[in-house]
Structure formats: structure tokens, C-alpha cells
Amino acid sequence: MVKTTAIMKKYFGTDGIRGRANEHPMDGEMALRVGRAIVARIRMQHPDRRRPRVLLGKDTRLSCYMLETALSSGVASMGGEAFLTGPIPTPAVSFLTTSMRTDAGVMISASHNPFDDNGIKVFGPDGLKLTDEEELELEELIDGNGRLERPSADRVGKMVRIDDAVGRYIVELKHSLPRGMMLEGLRVVVDCANGASYQTAPTVLRELGAEVITTGVEPSGTNINSECGSLHPEVAASLVTRYRADIGLALDGDADRVIVVDEKGRIVDGDAVMALCGLHLLGEGKLRRKTLVATVMSNIGLERAMNAAGGRVVRCDVGDRYVAATMLRHGYNLGGEQSGHLIFLDHALTGDGMLAGLQIMSIMLTKKSPLSQLAGAVFERVPQVLVNVRVQERKPLDRLAAVQKLVAAVRKDLGDEGRVVVRYSGTEPKARVMVEGPDRKRIRAQAQSIASAIEQACKS
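The text that follows walks through the structure, step by step, so that each part is easy to find. This is a predicted model, so every value here is computed, not measured.

Cut-off values and rules
- Residues numbered from 1 in each chain as written.
- Predicted model: local features only at pLDDT ≥ 70, side-chain atom pairs only at ≥ 80, totals over all residues.
- Heavy atoms only, no water.
- Helix = DSSP H or I, 4+ residues; strand = E, 2+ residues; numbered from the N terminus.
- Buried < 20%, exposed > 50% of the residue type's maximum accessible area, 1.4 Å probe, protein only.
- Contact = heavy atoms within 4.5 Å.
- 1 Å grid on protein atoms, 1.4 Å probe; cavity = no way out; pocket = protein on both sides within 12 Å on 5 of 7 lines; lining within 4 Å.
- Points joined across faces, edges and corners; volume = space filled by probe spheres on them.
- Nonpolar A, V, L, I, M, F, W, Y, C, P; charged D, E, K, R; others polar.
- Pairing = 2+ DSSP bridges.
- Axes fitted to C-alpha atoms, helices over the stretch in contact; angles between N-to-C directions.
- Parallel < 35°, antiparallel > 145°, perpendicular 65-115°, else oblique.
- Left-handed = near helix turned anticlockwise from the far one by under 90°.
- Salt bridge = Lys/Arg side-chain N within 4 Å of Asp/Glu carboxyl O.
- Core = buried A, V, L, I, M, F, W, Y, C linked by side-chain atoms within 4.5 Å.

1. Quick notes on the side chain of Asn225
Reasoning step 1: Within the element layout of this structure, Asn225 appears in the loop between β9 (211-215) and α7 (233-243).
Reasoning step 2: According to the relative accessible area criterion, Asn225 is buried, its value standing at 6%.
Reasoning step 3: With residues near it in sequence (within four places) discarded, Asn225 still touches Arg61, Ser111, His112, Asn113, Ala193, Leu231, His232, Asp252 and Gly253.

Okay, here's the thing in C-alpha cells:
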């Protein structure tokens, strides 16, 4: 059984720092401190660096203007140079950080959260999100910011606007398809969630020759993820059936994940998408070490599908950065999360919703089959129940005797027929209980029982 990460951090969660906009820790003062801390850390690692370079991207939230200004001011106050891209997907920040050879990258976004939340994700010069240990280092600098030595007036930094950031990323997306492949003949619905992909996703699809039906492409600053995007894939599904499209793509606010809809208007399970891509690469001899990386939350049906074809699944902690770290550490090239994060390491270093959509369409064109047929043939889902319970205090789960006793009993009852995963959310004050097995009614009762035990244990 995979053990979840035990490192406890003050500000960083599963996916960066996140909170309600204009309230600590997601206010201008904190963003200023983060900008300073990033440059201070770069100088500690590279004392000879004359002017550290930091790329700053953002989604379409109203509060991004405030946080972008504060972050860039923090960078400049420490003698760094801030490169501002404007609204752009999170995977574009990863790509541009490496292609522009900056010392760090920052994405201002709260992903699928509503507009009044926001977040800060930090990337290293390699285009990867910081490790837990690196985030702890950054937290120490954030809290010790008053002691950071600032440069004299003639050495302060500046901000530079990168006007063609969107275009650079679009070119990179198109390069992910096989040479010469176009999307002509495909009718595609894309829901951009009024978020960071509102320019990139429709443009790349049209430039590749697809007929595109768009929604969620009119950001107002306050409508990101509102009744649209990956949180509401039924919007894309209804458009797919109305316009008889071949596929629907529902992206989230920062476009690092996607929910896929087949031509019949049915949502394709995230694990089924991973099975489809993994088995295709396996059949082409392109799946490195015949291995797909998934998290502890992915359905056991994914393992069975890969095993039956001669491949395997390796599991890791929840979070696309843990998926990427596992892939890089062991030389794998495909991984993802049930929630729609897919990482194609041959093309990108982080989850990318639009890239995933392009790879799925590439398989459809190669096999000359509709998505419903392809997805239905590769994956049989085992019943799975997820129960979330709000907690007042995050007590270490391994120290909750009553909870551990109950979990052990459920695991013994399920045997090889199912799994139990209990963990805390990285972004919300919640515990998540996942149980899967052959009998949905039974596993639902088991999950509820464990959740109640956690709720009771975390009250006192």
C-alpha cells in the first residue's frame, strides 16, 4: 500500500499555496514575500547570478492583477527580473520556464476553485513543481523575509511583458502530434471554463484544422469555473449531442486537466482515458518500461486492464507533481490522475489538459474509431465510493487507533477484491475516504463508517 506524504507545511498544500483572495495567505503582502523569497533562494543556490529571472503566469481571476503586481514587485525588490505572460495555462508556465531558461516560474491560479479563491504554484528552472523539501526551504525564506538582504537602488530589478507567450505555447502543443497529422474532419467542443485556456485551446484546434464549437471563452474576472469547465462537464456534453461533435473537452480554470466527453455525450472516466492512452502506447511499443503511473485514487480496473495487456500500473501519492516525480525517477513516460491530470512526459513535464485532448484525438484518428468504442473496450470500472468529511483538526491518521482498526477490518473483508485509501485533502480542511470493491452497497457503508470515525476522532 502506498503511504501518503507526511511532510506538514505551513503554506504549501498539494498544489501550491491556496486561499481566499485578499485574505491571508492569499493577499498582496504574502505575494510580495513569496516573490522576494523566490529570488533569495535563487541567489543562495547561484551566488554569482547577476539578475535572477522569474516567469509569472496567471489565469483570468480578478485577483490575479493584484497578486501579479505584488509578486513581480517582490521579485524586483530583490534585484530579480519578472517576465509577465498574461493569462496562460499552468503547463505553459512550465514550458516557458524551461524554453526561456528562467530560474523559476510562478503560476497564479486556484485551478478549479471559484473566482474568489486564488493560489500560487512555483516551478523550478527544470519546469517541475517544487518538491516538498524545496517548498519547506521557500517557506523558511517567506517567514524570514524581513531579514533578507535587499539590493541598493541601482540594483533593483524590473518587469518585462512577454507578448507572444500564448503563440509560443500553441506551437509547442501542435508539435505534440505526429508529423503531418491534422484534425480535419473532427468536430470538437471545447469548454475553457472562462479560464486560462480561453485563447490557446480554440486557436490550436482551429490551426490544426478541426471544426470547433467553443464555450467558456468570455472571462470576466469573476466567472472562471462558474457553471462551466471540468466542474460542469454536462455543459460540454450537451453541446456534443446538440452539434453531433466527435469529442468534447472540458478544461479547468488553469487548463492542467481535462474531462473528456465521447460522441454520444457521455463523460469518459479519467481512468478509462489513462487506460486508452496507456494501452495505445503499449501496443505501439512506446510505453517506457511498459508502465503507467497512477495515484492511489485510481480504480483497480485500470491495473487489471494494463496487466491483461502485459503492462503494469505503479501508484504514487495524490498530486500531479508526485506523478511527474515518480515518472522522472524511474524513467516512465505516461502517468496521470483519475481527476483528469495526464502527463505525457515525451511532450510536457506537468499535467496539460489540451495536450491530453490532442493525444486522445490522435488515437481516434490513428485507429479510425469513435471515442465511445475505444474507451468502452479498454476499461471495466470496479465500483468505487468516495466520502469527504470536514475536519476541525488534522490529527495524524496513523495515530487514530479507532480509525486504523476500522480500516484494517475493511481491508481484511475486501481482500484482493478491493482497496481502501484514507488521506487528508491537500487544499481543503477535509479527510477523504475511498473504498472500492465488488458490492457498491457494502463499500458505501464501509466508507461512511470510516468517515464517521474520522469525524469523531478529529473533534476532540
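2. A word on empty space enclosed by the protein
Reasoning step 1: Evaluated as defined, the whole model comprises one cavity of 30 Å³ or more.
Reasoning step 2: Empty space within the largest cavity amounts to approximately 30 Å³.
Reasoning step 3: Taken together, Asp15, Gly16, Lys121, Val122, Lys129, Glu135 and Arg321 form the lining of the largest cavity.
Reasoning step 4: Classifying every residue of the lining of the largest cavity by side-chain character gives one nonpolar, one polar and five charged.

3. Some details on unusual backbone geometry
Reasoning step 1: Here the bond from His24 into Pro25 is cis, since omega is 10°, no more than 30 degrees from zero.
Reasoning step 2: Mapped onto the secondary structure, Pro25 falls in the loop between β2 (16-20) and α1 (28-45).
Reasoning step 3: Although it is not a glycine, Lys368 adopts a positive phi angle of roughly 55°.
Reasoning step 4: With respect to the helices and strands, the residue Lys368 is situated in the loop between α11 (353-367) and α12 (371-378).
Reasoning step 5: Judged by its relative accessible area of 75%, Lys368 falls in the exposed class.

4. Focus: the sheet that holds β9
Reasoning step 1: Read across the open sheet, the five strands follow the order β9-β8-β10-β11-β12; overall the sheet is mixed. The outermost strands of the open sheet, each flanked by one partner alone, are β9 and β12 (267-268).

5. Here we look at the packing of helix α8 (residues 270-283) against α11
Reasoning step 1: At their nearest, the axes of α8 and α11 sit 11 Å apart, and the two run at 55° to each other. In terms of orientation, α8 lies oblique with respect to α11. Pair α8 / α11 crosses with left-handed handedness. Along the contact surface, α8 presents Val273, Leu276, Cys277 and His280, while α11 presents Ile360, Ile363, Thr366 and Lys367.
Reasoning step 2: Here the residues of the contact of α8 with α11 sort into five nonpolar, two polar and one charged.

6. Quick notes on the pattern of salt bridges
Reasoning step 1: Tallying each qualifying case throughout the model produces 31 salt bridges.
Reasoning step 2: Arg18 is paired through a salt bridge with Asp15; the nearest N and O atoms lie 3.7 Å apart. Across the pair, exposure class does not vary: Arg18 and Asp15 are buried alike.
Reasoning step 3: Here Lys129 ties to Asp15 by a salt bridge, and the two come within 2.8 Å at their closest N and O atoms. Highlighted residues: Lys129 in the loop between β6 (117-123) and α4 (132-143) and Asp15 in the loop between β1 (12-13) and β2, separated in sequence by 114 residues.
Reasoning step 4: Assessed through its relative accessible area of 10%, Asp15 is described here as buried.
Reasoning step 5: Connected through shared salt-bridge partners, Asp15, Arg18, Lys121, Lys129, Asp254, Asp256 and Asp320 make up one network.

7. Considerations on the nonpolar core
Burial of nonpolar side chains together is a common tendency in soluble globular proteins.
Reasoning step 1: Counting 68 residues, the largest nonpolar core has Leu205 and Met361 as its most contacted members.
Reasoning step 2: Per element, the largest residue contribution to this core is nine residues, and it comes from α8.
Reasoning step 3: Those residues within four positions of Met361 in sequence are excluded, and the remaining contacts are Leu183, Leu186, Val188, Leu205, Ile247, Leu249 and Met354.
Reasoning step 4: Formed by 32 residues, the second largest nonpolar core is a distinct cluster that contains Ala31, Ala40, Cys64 and Met78.

8. Some thoughts on the sheet that holds strand β19 (residues 430-436)
Reasoning step 1: Strand order in the open sheet made by the three strands is β17-β19-β18, with antiparallel pairing throughout. Pairing within the sheet leaves two strands with one partner each, and these edge strands are β17 (384-390) and β18 (419-424). Mean inter-strand twist for the sheet, computed between neighbouring axes without regard to direction, equals 10°.
Reasoning step 2: Sheet topology note: the β17/β19 ladder contains seven bridges and is antiparallel. Of the residues in β19, the one forming a bridge with Val389 is Ala431.
Reasoning step 3: Of the strands in this sheet, β17, β18 and β19 touch helix α14 (residues 440-457), which is tilted by about 20° from β17.

9. Overview of the layout of surface pockets
Reasoning step 1: There is about 990 Å³ of room inside the second largest pocket.
Reasoning step 2: Looking at the second largest pocket, it is lined by 37 residues, and the ones nearest its centre are His112, Arg257, Ser339, Arg423 and Arg432.
Reasoning step 3: Elements with a minimum of two residues in the lining of the second largest pocket: β12, β17 and β19.
Reasoning step 4: Residue contributions to the lining of the second largest pocket peak at three residues, all from β17.

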